[in-house]
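Secondary and tertiary structure notes
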Amino acid sequence: MNIAFSPCPNDTFVFHAWVHGLLPDAPKVNVTYADIDITNHLATKPNELDVLKISYAALPWVLKEYALLPCGGALGRGCGPLVLTRKTDSSFGASALSKKRVAVPSERSTAYLLFRLWAEENVPGGVGEIIVMPFHEIMPAVRDGIIDAGLVIHEARFTYQQYELDMICDLGNWWETDTGFPIPLGAIIARRSLDLQALTTTIQQSVEYAWANPDISKPYILDHAQEMSEEVAKNHIQLYVNSFTANLGEEGYEAIYSLLGRAQEKGFVPSFDMKLLK
């Protein structure tokens, strides 16, 4: 079975047991490690991938071929994307982004979708040019004045002050205050032709194994953690792996309906049948 997910600590934590053959009866896998911007687009094109991690924002493009699995992804509170700028610009707040160049990690990421929903309400006249770049390049580009502001994800929320940047908005706090829901960030999808219940069970077992044996997965996680420290990797996992990772539950699905329903109303995503989400 061919699967694809990012090298980020939350994904390697979740999938470690499955990838390493530690689960009885789980199918053997071939893994492609790719940033979520890549998997978002891979899922929309002919490919040989059976299971992928993509952004929830990218779901409307792929739901005919792939089904959303109720586990393995990232959905939670206090873990939202941040809008950052240089300290000299931060005093202007959201207005500092008016007609400016903003870097984002993916055009089909949940982070960017949240940014678009927030900016439409809060940035006078709208932002200027949107530039897609790998998330680990965004903060240096803002610091060096290559771009005016950046939308950052993952461990950047722990490290952005090292780049002498300030936060204009925590989009997670904005979303949670506005809706009361957690943020749907990363989704696990699988081809509809597969045994979806068996795959769900396998991923849930992999999550449970990781929680029960955190030290066993540590070398694998750090080997793929793009030179981040062990402490940052640990914080990353604690932030993005939670009860929603084991099972979305009703609250998780309601959060997804809210996000994609708003996006569909604004025309930010293609029209789709919401029943395909569950």
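The coordinates are above.
Attention in this report is confined to the structure presented alongside it. (Residues numbered from 1 in each chain as written. Predicted model: local features only at pLDDT ≥ 70, side-chain atom pairs only at ≥ 80, totals over all residues. Heavy atoms only, no water.)

Here we look at the pairing of strand β3 (residues 51–55)
Of all five residues making up β3, five are buried, and the element is well covered by its neighbours. Relative to β3, strand β1 (residues 2–5) is paired through two bridges, and the arrangement is parallel. Bridge assignment links alanine 4 to a residue of β3, and that residue is leucine 52. Sheet topology note: the β3/strand β11 (residues 183–191) ladder contains five bridges and is antiparallel. Its bridge partner being in β11, valine 51 is matched across the sheet by alanine 190. (Buried < 20%, exposed > 50% of the residue type's maximum accessible area, 1.4 Å probe, protein only. Helix = DSSP H or I, 4+ residues; strand = E, 2+ residues; numbered from the N terminus. Pairing = 2+ DSSP bridges.)

Structural notes on the nonpolar core
Counting 58 residues, the largest nonpolar core has Leu59, Val83, Leu97, Phe115, Trp118 and Ile256 as the members making the most contacts within it. The leading source of residues in this core is helix α4 (residues 110–122), at eight residues. The contacts of valine 83, once residues within four sequence positions are left out, are Leu97, Phe115, Trp118, Gly150, Leu151, Asp166, Met167, Ile168, Cys169 and Leu171. Counting 22 residues, the second largest nonpolar core, distinct from the first, contains Trp18, Leu23, Val29 and Val241. (Core = buried A, V, L, I, M, F, W, Y, C linked by side-chain atoms within 4.5 Å. Contact = heavy atoms within 4.5 Å.)

Some points on the side chain of threonine 202
Residue placement: threonine 202 occurs in helix α8 (residues 196–212). On the basis of relative accessibility, which here comes to 7%, the residue threonine 202 falls in the buried class. The residues contacting threonine 202, other than those within four sequence positions of it, are Trp18, Leu23, Ala26 and Pro27.

Let's talk about the state of the cysteines
Evaluation of the coordinates by the stated rule reveals zero disulfides. Among the cysteines around cysteine 71, which has no disulfide bond, cysteine 79 carries the closest sulfur, lying 17 Å off. (Disulfide = S-S within 2.5 Å.)

A closer look at the packing of aromatic side chains
For any two aromatic rings, the description comes down to two numbers: the centre-to-centre distance and the angle of the planes. In this structure the tally under the stated criterion is six aromatic pairs. Seen in terms of ring centroids, phenylalanine 5 and phenylalanine 15 are 4.5 Å apart; in terms of plane orientation they differ by 10°. Their pairing is stacked. With phenylalanine 5 in strand β1 and phenylalanine 15 in helix α1 (residues 9–19), this pair connects stretches of sequence that are 10 residues apart. Using a relative accessible area of 1% as the deciding quantity, one classes phenylalanine 5 as buried. The rings of Phe5, Phe15, Trp18 and Tyr33 are connected pair by pair, giving a single aromatic cluster. Across the ring face of tryptophan 61, the terminal group of arginine 108 is positioned such that the distance to the ring centre comes to 4.1 Å. Its end group placed over the ring of phenylalanine 268, arginine 116 keeps NZ or CZ at 3.9 Å from the ring centre. (Phe/Tyr/Trp six-rings, centres within 6.5 Å; stacked < 30°, edge-to-face > 60°. Lys NZ or Arg CZ within 6 Å of the ring centre and 35° of its normal.)

Details of the sheet that holds strand β7 (residues 102–104)
A sheet is described by the order of its strands in space; here five strands give the open sequence β8-β7-β9-β6-β10, paired in mixed fashion. Every other strand in the sheet has two partners, leaving β8 (130–132) and β10 (165–170) as the edge strands with one partner each. Strand-to-strand twist in this sheet, taken as the mean axis angle between neighbours without regard to direction, amounts to 30°. Two elements, β7 and strand β9 (residues 149–152), share two bridges in a ladder whose sense is parallel. (Axes fitted to C-alpha atoms, helices over the stretch in contact; angles between N-to-C directions.)

Points about the pattern of salt bridges
Inspection of every chain in the model, using the stated rule, returns 12 salt bridges. Glutamate 129 serves as the salt-bridge partner of arginine 101, at 3.3 Å between the closest nitrogen and oxygen. Pair noted here: arginine 101 is in the loop between α3 (87–90) and β7 and glutamate 129 is in the loop between α4 and β8, with a separation of 28 residues, a long-range link. Judged by its relative accessible area of 33%, arginine 101 falls in the partly exposed class. Residues joined in a network through salt bridges with shared partners are Asp215, Lys218 and Glu230. (Salt bridge = Lys/Arg side-chain N within 4 Å of Asp/Glu carboxyl O.)

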